[in-house]
Amino acid sequence: MKRCAGVGLLALAAITPALADTGTNELRVDRLFQVRAVVTQGCLLGTGASDVSSYGNINFGQISSLSSPVNRTSTPGSGSIVLQCTPGTRLTIGIGSGANTASVAAGRFLAKGSERLRYQLYQDAAFNTVWGDGSNGAAALSTTFPAAGGTQSYPVYARLFSVTPMPSAGIYSDVVTVTISY
């Protein structure tokens with residue numbers, strides 16, 4: 001019995017590769033390892049190191065009459081959509097209807113109780129292309145983030161429409177949701 005066990009150990013040693021040192025005393029041994037990073041498409045909302053929770057306000061100011069429309073152009077911190085995205089990222093920027101309407105086709109509304117002031121948000125300075133989210137009566141903005149990367153600002157053009165007679169004095173407001181998809 002002892003003899004068979006010894007033969008089994010010799011056979012096992014013969015089929016197991018040697019994992020020992022090469023037998024020489026190397027003063028230098030070079031080996032490789034891989035270093036890598038994977039850059040994924042994505043966007044950061046705002047100019048900081050983390051996403052902003054709000055793009056600020058577009059304010060039409062104090063108005064005592066609205067015999068003609070009032071136009072405003074957003075700026076960073078006051079309604080402009082500011083993004084930092086991976087260069088070349090295809091994205092859409094949608095703006096929701098707001099709290100006071102479901103479809104933006106006839107306008108959005110600032111509200112004070114049951115009273116309304118009609119306004120609209122546009123993608124262009126000519127006030128031709130209504131800015132929506134693709135499901136609320138207007139299209140989202142589709143674009144590719146510039147190859148140079150960095151920070152990009154997308155202004156929002158706002159128009160408060162004329163009205164007669166004026167509603168009562170007070171603060172009229174609305175809140176819209178900006179959706180970034182990539």
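Residues numbered from 1 in each chain as written. Predicted model: local features only at pLDDT ≥ 70, side-chain atom pairs only at ≥ 80, totals over all residues. Heavy atoms only, no water.

## Re the nonpolar core
Thinking step 1. Counting 24 residues, the largest nonpolar core has Ile81, Leu83, Leu91, Ile93, Trp131, Tyr154 and Leu160 as the members making the most contacts within it.
Thinking step 2. Contributions of two or more residues to this core are made by strand E3 (81-85), strand E4 (90-95), strand E6 (115-122) and strand E9 (157-160).
Thinking step 3. With near-sequence residues (within four places) excluded, Leu91 lies in contact with Cys43, Leu83, Cys85, Leu141, Ser142, Thr143, Phe145, Ile180, Ser181 and Tyr182. (Core = buried A, V, L, I, M, F, W, Y, C linked by side-chain atoms within 4.5 Å. Buried < 20%, exposed > 50% of the residue type's maximum accessible area, 1.4 Å probe, protein only. Helix = DSSP H or I, 4+ residues; strand = E, 2+ residues; numbered from the N terminus. Contact = heavy atoms within 4.5 Å.)

## Describing the pairing of E3
For a regular strand, side-chain orientation follows a simple rule: the groups alternate between the two sheet faces.
Thinking step 1. Within E3, four of the five residues are buried, which leaves the element mostly enclosed by the surrounding structure.
Thinking step 2. Relative to E3, strand E1 (residues 43-45) runs antiparallel, the two being bridged by three bridges. Within E3, the residue paired with Leu44 across the bridge is Gln84.
Thinking step 3. In terms of strand pairing, E3 meets strand E8 (residues 151-154) through four bridges, oriented antiparallel. Bridged to Val82 within E8 is Ser153. (Pairing = 2+ DSSP bridges.)

## Digging into the side chain of Asn136
Thinking step 1. Looking at the secondary structure, you find Asn136 in the loop between E6 and strand E7 (141-144).
Thinking step 2. We classify Asn136 as buried; its relative accessible area is 3%.
Thinking step 3. A polar contact of 3.3 Å, which involves the side chain of Asn136, links it to the side chain of Ser97.
Thinking step 4. A distance of 3.0 Å separates the side chain of Asn136 from the backbone nitrogen of Asp133, its partner in a polar contact.
Thinking step 5. Setting aside its immediate chain neighbours within four residues, Asn136 contacts Ile95, Gly96, Ser97, Ala102, Ser103, Val104, Ala105 and Arg108. (Polar contact = N/O pair within 3.5 Å; in protein donor to acceptor, adjacent residues only side chain to side chain.)

## As for the sheet that holds strand E5 (residues 108-112)
Thinking step 1. Reading across the sheet, the four strands line up as E2-E9-E6-E5 and stay open at both edges, with antiparallel pairing between neighbours. Each having just a single partner strand, strand E2 (70-73) and E5 make up the two edges of the open sheet. Within the sheet, the average angular offset between the axes of one strand and its neighbour, ignoring direction, is 25°.
Thinking step 2. Summarising the sheet, E5 and E6 pair through five bridges and their orientation is antiparallel. Each residue of the ladder has a partner; that of Lys112, found in E6, is Glu115. (Axes fitted to C-alpha atoms, helices over the stretch in contact; angles between N-to-C directions.)

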